[in-house]
Amino acid sequence: MAGCLNSELFCSLISPHSPDVFFAEIFEQRPMYFKGNLPSAQRSHLLSWEYLDEVLLRCLSLGCPESSELVIYKNLAPCEDYTSPAEAYLQGASLIINNVDQLWRPVHTFCRALKFPSVYANCYVTPQFSQTAPPHADDRDVLVLQLEGEKHWSIYSSPVYLPYPSEQVGKDHLEVPCEVLDSQNTRMLQTLRAGDVLYVPRGFVHEAKTSSLSSLHLTVAIPTFDWSKSKVMIDALQDHIDGPAEAKKNPWRQSIPFYAPWNEVDLKAALHQAVEELDISKAKKIFEAKNHMHNHRCWTCLSSPSTRTGLFGACRVEHFGALPQ
(Lines give C-alpha, C1' and ligand atoms only; values in the text may rest on other atoms or scores of the structure.)
Protein backbone atom coordinates (compact mmCIF):
# COMPACT_ATOMS: atom_id res chain seq x y z
CA MET A 1 0.00 0.00 0.00
CA ALA A 2 3.02 2.28 -0.25
CA GLY A 3 1.49 4.18 -3.17
CA CYS A 4 -1.58 5.13 -1.12
CA LEU A 5 0.64 6.78 1.47
CA ASN A 6 1.68 9.29 -1.21
CA SER A 7 -1.77 9.83 -2.69
CA GLU A 8 -3.11 13.32 -2.10
CA LEU A 9 -6.59 12.16 -3.07
CA PHE A 10 -6.60 9.23 -0.66
CA CYS A 11 -5.31 11.46 2.14
CA SER A 12 -8.19 13.87 1.53
CA LEU A 13 -10.79 11.08 1.66
CA ILE A 14 -9.64 9.71 5.03
CA SER A 15 -8.89 13.05 6.71
CA PRO A 16 -8.33 13.79 9.61
CA HIS A 17 -6.61 10.39 9.80
CA SER A 18 -3.23 9.96 8.16
CA PRO A 19 -2.54 6.96 5.90
CA ASP A 20 -0.19 5.58 8.57
CA VAL A 21 -3.00 5.61 11.15
CA PHE A 22 -5.56 4.30 8.65
CA PHE A 23 -3.51 1.23 7.70
CA ALA A 24 -2.37 0.56 11.27
CA GLU A 25 -5.66 0.98 13.12
CA ILE A 26 -8.59 0.89 10.64
CA PHE A 27 -7.79 -1.04 7.47
CA GLU A 28 -9.27 -4.59 7.54
CA GLN A 29 -10.31 -3.99 11.16
CA ARG A 30 -13.33 -1.69 11.48
CA PRO A 31 -15.67 0.51 9.44
CA MET A 32 -15.10 4.26 9.45
CA TYR A 33 -17.17 7.29 8.48
CA PHE A 34 -15.62 10.45 7.02
CA LYS A 35 -17.93 13.45 6.94
CA GLY A 36 -17.88 15.76 3.91
CA ASN A 37 -14.50 14.69 2.56
CA LEU A 38 -15.65 14.75 -1.08
CA PRO A 39 -16.22 18.41 -2.07
CA SER A 40 -19.09 19.46 -4.34
CA ALA A 41 -16.86 20.36 -7.30
CA GLN A 42 -15.14 16.99 -7.12
CA ARG A 43 -18.45 15.12 -6.91
CA SER A 44 -20.02 16.92 -9.88
CA HIS A 45 -16.95 16.22 -12.01
CA LEU A 46 -16.84 12.58 -10.96
CA LEU A 47 -20.46 11.62 -11.69
CA SER A 48 -23.83 13.29 -11.13
CA TRP A 49 -27.47 13.00 -12.12
CA GLU A 50 -26.64 15.16 -15.14
CA TYR A 51 -24.19 12.65 -16.60
CA LEU A 52 -25.91 9.45 -15.52
CA ASP A 53 -27.86 8.99 -18.75
CA GLU A 54 -24.71 9.13 -20.84
CA VAL A 55 -23.09 6.51 -18.62
CA LEU A 56 -26.18 4.32 -19.02
CA LEU A 57 -26.03 4.73 -22.80
CA ARG A 58 -22.43 3.60 -22.82
CA CYS A 59 -23.27 0.64 -20.59
CA LEU A 60 -26.04 -0.44 -23.00
CA SER A 61 -24.05 0.12 -26.22
CA LEU A 62 -22.86 -2.80 -28.34
CA GLY A 63 -19.21 -2.01 -27.68
CA CYS A 64 -19.55 -1.98 -23.91
CA PRO A 65 -16.95 -4.08 -22.03
CA GLU A 66 -18.48 -7.34 -20.81
CA SER A 67 -17.63 -6.59 -17.19
CA SER A 68 -19.42 -3.22 -17.28
CA GLU A 69 -22.91 -4.63 -17.06
CA LEU A 70 -26.12 -3.00 -15.90
CA VAL A 71 -27.88 -4.97 -13.16
CA ILE A 72 -31.41 -4.09 -12.03
CA TYR A 73 -32.53 -4.96 -8.50
CA LYS A 74 -36.13 -5.01 -7.26
CA ASN A 75 -37.33 -6.41 -3.93
CA LEU A 76 -33.74 -7.15 -2.89
CA ALA A 77 -33.03 -9.41 -5.88
CA PRO A 78 -31.92 -9.13 -9.53
CA CYS A 79 -34.82 -8.49 -11.90
CA GLU A 80 -35.16 -8.58 -15.70
CA ASP A 81 -38.78 -7.48 -16.05
CA TYR A 82 -38.13 -4.00 -17.45
CA THR A 83 -37.61 -2.74 -20.99
CA SER A 84 -35.33 0.15 -19.99
CA PRO A 85 -33.43 1.43 -16.96
CA ALA A 86 -35.72 4.47 -16.87
CA GLU A 87 -38.82 2.28 -16.58
CA ALA A 88 -37.15 0.19 -13.88
CA TYR A 89 -36.09 3.21 -11.84
CA LEU A 90 -39.47 4.93 -12.07
CA GLN A 91 -41.11 1.74 -10.80
CA GLY A 92 -38.90 1.64 -7.74
CA ALA A 93 -36.05 -0.58 -8.92
CA SER A 94 -32.38 0.14 -8.27
CA LEU A 95 -29.73 0.34 -10.99
CA ILE A 96 -26.19 -0.97 -10.58
CA ILE A 97 -23.53 -0.22 -13.19
CA ASN A 98 -20.61 -2.53 -12.57
CA ASN A 99 -17.07 -1.44 -13.45
CA VAL A 100 -18.20 2.05 -14.32
CA ASP A 101 -14.53 3.07 -14.31
CA GLN A 102 -14.26 1.27 -17.68
CA LEU A 103 -16.98 3.51 -19.11
CA TRP A 104 -16.46 6.94 -17.62
CA ARG A 105 -13.07 8.61 -17.72
CA PRO A 106 -13.47 10.81 -14.60
CA VAL A 107 -14.17 7.72 -12.48
CA HIS A 108 -11.21 5.90 -14.01
CA THR A 109 -8.94 8.88 -13.31
CA PHE A 110 -10.23 9.05 -9.74
CA CYS A 111 -9.54 5.35 -9.15
CA ARG A 112 -6.00 5.58 -10.48
CA ALA A 113 -5.31 8.69 -8.38
CA LEU A 114 -5.94 6.66 -5.22
CA LYS A 115 -2.68 4.81 -6.02
CA PHE A 116 -3.80 1.42 -4.79
CA PRO A 117 -2.33 -1.48 -6.82
CA SER A 118 -5.71 -1.71 -8.56
CA VAL A 119 -9.31 -0.81 -7.77
CA TYR A 120 -12.59 -0.69 -9.65
CA ALA A 121 -15.84 1.20 -9.13
CA ASN A 122 -19.53 0.29 -9.24
CA CYS A 123 -22.31 2.87 -9.48
CA TYR A 124 -25.53 2.49 -7.44
CA VAL A 125 -28.72 4.40 -8.28
CA THR A 126 -31.40 3.86 -5.64
CA PRO A 127 -34.86 5.47 -5.72
CA GLN A 128 -36.49 6.88 -2.61
CA PHE A 129 -37.85 4.58 0.11
CA SER A 130 -36.04 1.49 -1.13
CA GLN A 131 -33.14 -0.88 -0.56
CA THR A 132 -31.04 -2.41 -3.31
CA ALA A 133 -29.60 -5.58 -1.76
CA PRO A 134 -30.25 -7.61 1.39
CA PRO A 135 -27.71 -7.66 4.23
CA HIS A 136 -24.49 -9.22 2.98
CA ALA A 137 -20.71 -9.20 3.27
CA ASP A 138 -18.13 -8.79 0.50
CA ASP A 139 -14.76 -10.38 -0.23
CA ARG A 140 -13.28 -6.91 -0.77
CA ASP A 141 -12.87 -3.67 1.13
CA VAL A 142 -14.88 -0.72 -0.17
CA LEU A 143 -14.90 3.06 -0.09
CA VAL A 144 -18.45 4.37 -0.49
CA LEU A 145 -18.64 7.85 -2.01
CA GLN A 146 -22.04 9.53 -1.62
CA LEU A 147 -22.48 11.72 -4.71
CA GLU A 148 -26.16 12.73 -4.63
CA GLY A 149 -29.04 12.37 -2.18
CA GLU A 150 -28.56 10.30 0.95
CA LYS A 151 -28.53 6.72 2.18
CA HIS A 152 -28.85 5.14 5.63
CA TRP A 153 -26.25 2.45 6.34
CA SER A 154 -26.32 -0.32 8.93
CA ILE A 155 -23.03 -2.16 9.43
CA TYR A 156 -22.88 -5.27 11.58
CA SER A 157 -20.12 -7.56 12.78
CA SER A 158 -18.09 -9.89 10.58
CA PRO A 159 -19.07 -13.59 10.99
CA VAL A 160 -16.08 -14.73 8.88
CA TYR A 161 -12.65 -13.19 9.35
CA LEU A 162 -11.56 -11.63 6.03
CA PRO A 163 -13.70 -13.94 3.87
CA TYR A 164 -12.79 -15.42 0.51
CA PRO A 165 -15.33 -15.42 -2.38
CA SER A 166 -16.96 -18.69 -1.30
CA GLU A 167 -17.44 -17.35 2.23
CA GLN A 168 -19.45 -14.17 1.51
CA VAL A 169 -22.54 -14.41 3.70
CA GLY A 170 -25.73 -13.06 2.18
CA LYS A 171 -24.64 -14.24 -1.28
CA ASP A 172 -24.92 -17.49 -3.24
CA HIS A 173 -27.39 -18.98 -0.74
CA LEU A 174 -24.94 -18.57 2.16
CA GLU A 175 -27.14 -17.10 4.88
CA VAL A 176 -26.16 -14.34 7.26
CA PRO A 177 -26.21 -15.82 10.79
CA CYS A 178 -29.25 -14.49 12.66
CA GLU A 179 -27.16 -13.32 15.60
CA VAL A 180 -25.12 -11.04 13.32
CA LEU A 181 -28.22 -8.93 12.57
CA ASP A 182 -29.08 -8.61 16.25
CA SER A 183 -29.00 -4.98 17.35
CA GLN A 184 -26.20 -5.66 19.82
CA ASN A 185 -23.93 -6.63 16.93
CA THR A 186 -24.48 -3.38 15.04
CA ARG A 187 -21.12 -1.68 14.58
CA MET A 188 -22.38 1.48 12.89
CA LEU A 189 -25.61 3.27 11.99
CA GLN A 190 -24.81 6.17 9.69
CA THR A 191 -26.62 8.37 7.17
CA LEU A 192 -24.41 9.29 4.24
CA ARG A 193 -25.15 12.64 2.65
CA ALA A 194 -23.61 14.14 -0.48
CA GLY A 195 -19.88 14.44 0.06
CA ASP A 196 -19.59 11.81 2.79
CA VAL A 197 -17.25 8.82 2.56
CA LEU A 198 -17.61 5.42 4.23
CA TYR A 199 -15.01 2.68 4.56
CA VAL A 200 -16.29 -0.91 5.02
CA PRO A 201 -13.70 -3.69 5.48
CA ARG A 202 -13.99 -7.08 3.85
CA GLY A 203 -16.38 -9.38 5.71
CA PHE A 204 -18.49 -6.85 7.63
CA VAL A 205 -22.20 -7.45 6.97
CA HIS A 206 -23.97 -4.31 5.78
CA GLU A 207 -27.18 -2.97 4.23
CA ALA A 208 -28.28 0.47 3.01
CA LYS A 209 -31.68 2.14 2.54
CA THR A 210 -32.99 5.41 1.16
CA SER A 211 -35.81 7.49 2.64
CA SER A 212 -37.38 10.55 1.01
CA LEU A 213 -34.30 11.26 -1.13
CA SER A 214 -33.01 9.14 -3.98
CA SER A 215 -29.35 8.18 -3.86
CA LEU A 216 -26.45 8.08 -6.28
CA HIS A 217 -23.23 6.66 -4.93
CA LEU A 218 -20.01 5.05 -6.09
CA THR A 219 -18.51 2.04 -4.41
CA VAL A 220 -14.77 1.88 -4.99
CA ALA A 221 -13.83 -1.76 -4.53
CA ILE A 222 -10.39 -2.62 -3.15
CA PRO A 223 -9.88 -6.30 -4.12
CA THR A 224 -8.19 -7.39 -0.92
CA PHE A 225 -9.05 -11.08 -1.39
CA ASP A 226 -6.77 -11.08 -4.44
CA TRP A 227 -4.09 -9.46 -2.29
CA SER A 228 -4.35 -11.89 0.62
CA LYS A 229 -1.01 -13.37 1.59
CA SER A 230 -2.26 -16.89 0.91
CA LYS A 231 -3.49 -15.98 -2.58
CA VAL A 232 -0.32 -14.12 -3.54
CA MET A 233 2.00 -16.81 -2.21
CA ILE A 234 0.00 -19.68 -3.72
CA ASP A 235 0.10 -17.93 -7.11
CA ALA A 236 3.86 -17.58 -6.78
CA LEU A 237 4.32 -21.19 -5.62
CA GLN A 238 2.19 -22.52 -8.48
CA ASP A 239 4.16 -20.45 -10.98
CA HIS A 240 7.36 -21.87 -9.48
CA ILE A 241 6.45 -25.54 -9.43
CA ASP A 242 4.56 -25.55 -12.77
CA GLY A 243 7.49 -23.95 -14.50
CA PRO A 244 7.49 -23.08 -18.21
CA ALA A 245 5.55 -25.18 -20.72
CA GLU A 246 8.44 -27.30 -21.94
CA ALA A 247 8.81 -30.89 -23.13
CA LYS A 248 11.09 -31.91 -20.29
CA LYS A 249 9.70 -33.95 -17.44
CA ASN A 250 8.26 -31.99 -14.52
CA PRO A 251 6.78 -34.22 -11.79
CA TRP A 252 4.50 -31.41 -10.56
CA ARG A 253 2.62 -31.56 -13.86
CA GLN A 254 1.75 -35.20 -13.32
CA SER A 255 -1.61 -36.17 -11.86
CA ILE A 256 -2.02 -37.29 -8.27
CA PRO A 257 -1.86 -41.13 -8.25
CA PHE A 258 -5.52 -41.67 -7.48
CA TYR A 259 -5.15 -45.29 -8.67
CA ALA A 260 -2.57 -46.14 -6.01
CA PRO A 261 -1.68 -45.20 -2.44
CA TRP A 262 -0.26 -41.69 -2.13
CA ASN A 263 3.35 -41.45 -1.12
CA GLU A 264 2.70 -38.74 1.44
CA VAL A 265 6.30 -38.58 2.63
CA ASP A 266 7.68 -37.92 -0.86
CA LEU A 267 4.94 -35.39 -1.66
CA LYS A 268 5.58 -33.48 1.56
CA ALA A 269 9.32 -33.52 0.97
CA ALA A 270 8.92 -32.28 -2.59
CA LEU A 271 6.60 -29.51 -1.47
CA HIS A 272 8.99 -28.51 1.31
CA GLN A 273 11.82 -28.31 -1.23
CA ALA A 274 9.69 -26.19 -3.58
CA VAL A 275 8.89 -23.76 -0.76
CA GLU A 276 12.57 -23.56 0.17
CA GLU A 277 13.47 -22.77 -3.44
CA LEU A 278 10.68 -20.21 -3.89
CA ASP A 279 11.97 -16.75 -4.74
CA ILE A 280 9.76 -14.39 -2.69
CA SER A 281 10.63 -11.49 -4.98
CA LYS A 282 8.88 -13.47 -7.74
CA ALA A 283 5.64 -13.27 -5.73
CA LYS A 284 5.90 -9.47 -5.78
CA LYS A 285 6.47 -9.48 -9.54
CA ILE A 286 3.45 -11.72 -10.17
CA PHE A 287 1.29 -9.53 -7.91
CA GLU A 288 2.39 -6.38 -9.72
CA ALA A 289 1.89 -7.97 -13.13
CA LYS A 290 -1.70 -8.98 -12.33
CA ASN A 291 -2.58 -5.48 -11.13
CA HIS A 292 -0.88 -3.93 -14.15
CA MET A 293 -2.95 -6.17 -16.43
CA HIS A 294 -6.16 -5.05 -14.68
CA ASN A 295 -5.26 -1.38 -14.97
CA HIS A 296 -4.24 -1.75 -18.61
CA ARG A 297 -7.52 -3.52 -19.42
CA CYS A 298 -9.49 -0.63 -17.91
CA TRP A 299 -7.53 1.89 -19.91
CA THR A 300 -7.97 -0.14 -23.11
CA CYS A 301 -11.74 -0.18 -22.59
CA LEU A 302 -11.81 3.58 -22.13
CA SER A 303 -9.71 4.12 -25.25
CA SER A 304 -11.88 1.94 -27.50
CA PRO A 305 -14.13 3.70 -30.09
CA SER A 306 -17.31 2.65 -28.26
CA THR A 307 -16.38 4.41 -25.01
CA ARG A 308 -14.45 7.45 -26.24
CA THR A 309 -15.51 10.68 -24.57
CA GLY A 310 -16.92 12.33 -27.69
CA LEU A 311 -18.97 9.38 -28.93
CA PHE A 312 -22.35 10.52 -27.70
CA GLY A 313 -21.76 14.24 -28.32
CA ALA A 314 -24.93 16.03 -27.19
CA CYS A 315 -26.36 12.89 -25.59
CA ARG A 316 -27.10 13.97 -22.04
CA VAL A 317 -30.19 13.85 -19.86
CA GLU A 318 -32.68 14.16 -22.72
CA HIS A 319 -32.39 10.44 -23.57
CA PHE A 320 -34.06 9.07 -20.47
CA GLY A 321 -35.05 12.25 -18.68
CA ALA A 322 -33.29 13.52 -15.57
CA LEU A 323 -33.65 11.17 -12.64
CA PRO A 324 -35.55 12.82 -9.80
CA GLN A 325 -33.70 13.80 -6.66
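Residues numbered from 1 in each chain as written. Predicted model: local features only at pLDDT ≥ 70, side-chain atom pairs only at ≥ 80, totals over all residues. Heavy atoms only, no water.

### Digging into a nonpolar patch on the surface
Part 1 of the reasoning: A contiguous nonpolar patch, built from Trp252, Leu271 and Val275 and spanning about 250 Å² of accessible area, is present on the exposed surface.
Part 2 of the reasoning: Here Leu271 is to be found in helix 9 (residues 264–277). (Patch = residues over 30% accessible without salt bridge, like charges linked within 9 Å, V, L, I, M, F, W, Y side chains within 5 Å. Areas by Shrake-Rupley, 256 points an atom, 1.4 Å probe, with all protein chains shown as cover. Salt bridge = Lys/Arg side-chain N within 4 Å of Asp/Glu carboxyl O. Helix = DSSP H or I, 4+ residues; strand = E, 2+ residues; numbered from the N terminus.)

### Quick look at helix 8 (residues 229–242)
Part 1 of the reasoning: A rise of 1.5 Å per residue sets the reference length of helix 8, with its 14 residues, at 20 Å; its end C-alpha atoms lie 20 Å apart and thus fit the reference within 8%.
Part 2 of the reasoning: Of the surrounding elements, those touching the buried residues of helix 8 are helix 9 and helix 10 (280–303). (Expected span 1.5 Å × (residues − 1). Contact = heavy atoms within 4.5 Å.)

### What about unusual backbone geometry?
Part 1 of the reasoning: Between Ser15 and Pro16 the backbone carries a cis peptide bond, its omega angle lying at 10°.
Part 2 of the reasoning: Mapped onto the elements, Pro16 comes out in the loop between helix 2 (8–14) and helix 3 (19–26).

### Comments concerning the confidence of the model for the chain
Part 1 of the reasoning: When pLDDT is averaged along the chain, the result is 91, and 93% of the positions lie at 70 or above.
Part 2 of the reasoning: For residues 307–325, every residue scores under 50 in pLDDT, and the model assigns this stretch 47 contacts once sequence neighbours within four places are set aside. (pLDDT = per-residue confidence, 0-100.)

### Concerning the packing of helix 8 against helix 10
Part 1 of the reasoning: For the pair helix 8 and helix 10, interaxial distance at closest approach is 9 Å and the crossing angle is 105°. Here helix 8 lies roughly perpendicular to helix 10, going by the angle between them. Residues Lys231, Val232, Met233, Asp235, Ala236 and Asp239 of helix 8 pack against Ile280, Lys282, Ala283, Ile286, Phe287 and Lys290 of helix 10.
Part 2 of the reasoning: Grouping the amino acids of the contact of helix 8 with helix 10 by side-chain chemistry returns seven nonpolar, no polar and five charged. (Axes fitted to C-alpha atoms, helices over the stretch in contact; angles between N-to-C directions. Parallel < 35°, antiparallel > 145°, perpendicular 65-115°, else oblique. Nonpolar A, V, L, I, M, F, W, Y, C, P; charged D, E, K, R; others polar.)

### Topic: the packing of aromatic side chains
The description of two aromatic rings rests on the distance between their centres and on the angle between their planes.
Part 1 of the reasoning: Inspection of every chain in the model, using the stated rule, returns 14 aromatic pairs.
Part 2 of the reasoning: When the ring of Phe10 is compared with that of Phe22, the centres are 5.4 Å apart and the planes differ by 85°; the resulting orientation is edge-to-face. Of this pair, Phe10 sits in helix 2 while Phe22 is found in helix 3, placing the two residues twelve residues apart along the sequence. Across the pair, exposure class does not vary: Phe10 and Phe22 are buried alike.
Part 3 of the reasoning: Geometrically, the ring pair formed by Tyr51 and Trp104 is tilted, given 5.7 Å between the ring centres and 45° between the ring planes. A residue pair is termed long-range when its members are at least 10 positions apart, and Tyr51 in helix 5 (residues 49–60) and Trp104 in the loop between strand 4 (94–97) and helix 7 (105–113) qualify at 53 residues. (Phe/Tyr/Trp six-rings, centres within 6.5 Å; stacked < 30°, edge-to-face > 60°. Buried < 20%, exposed > 50% of the residue type's maximum accessible area, 1.4 Å probe, protein only.)

### Quick word on the pairing of strand 8 (residues 197–200)
Part 1 of the reasoning: What you see with strand 8 is no split at all: Val197 and Tyr199 on one side and Leu198 and Val200 on the other are buried throughout.
Part 2 of the reasoning: Sheet topology places strand 1 (residues 32–34) next to strand 8; three bridges connect them, and they run antiparallel. Paired with Phe34 across the strands is Val197, a residue of strand 8.
Part 3 of the reasoning: With four bridges connecting them, strand 6 (residues 141–156) and strand 8 associate as antiparallel partners. Bridge pairing in strand 8 links Leu145 to Val197. (Pairing = 2+ DSSP bridges.)

### As for the environment of His240
Part 1 of the reasoning: Position of His240 among the secondary structure elements: in helix 8.
Part 2 of the reasoning: Given the relative accessible area of 30%, His240 is considered partly exposed.
Part 3 of the reasoning: When the C-alpha positions of His240 and Asp279 are compared, they lie 8.4 Å apart, and in sequence the two are 39 residues distant.
Part 4 of the reasoning: Here His240 is in contact with Ala274, Glu277 and Leu278, once residues within four sequence places are set aside.

### A look at the state of the cysteines
Part 1 of the reasoning: Counted according to the given criterion, the structure contains zero disulfides.
Part 2 of the reasoning: Left unpaired, Cys59 is separated from the closest cysteine sulfur, that of Cys64, by 4.6 Å.
Part 3 of the reasoning: Between Cys301, a free cysteine, and Cys298, which holds the nearest cysteine sulfur, the sulfur-to-sulfur gap is 6.5 Å. (Disulfide = S-S within 2.5 Å.)

### Considering the pattern of salt bridges
Part 1 of the reasoning: Considering all chains together, one arrives at ten salt bridges under this definition.
Part 2 of the reasoning: One salt bridge in this structure joins Glu150 and Arg193, with 3.4 Å as the shortest N-O distance. Highlighted residues: Glu150 in strand 6 and Arg193 in strand 7 (residues 186–193), separated in sequence by 43 residues.
Part 3 of the reasoning: Classification of Arg193 by relative accessible area gives partly exposed; the value is 46%.
Part 4 of the reasoning: With its nearest N and O atoms 3.7 Å apart, the salt bridge here joins Lys248 to Glu246.

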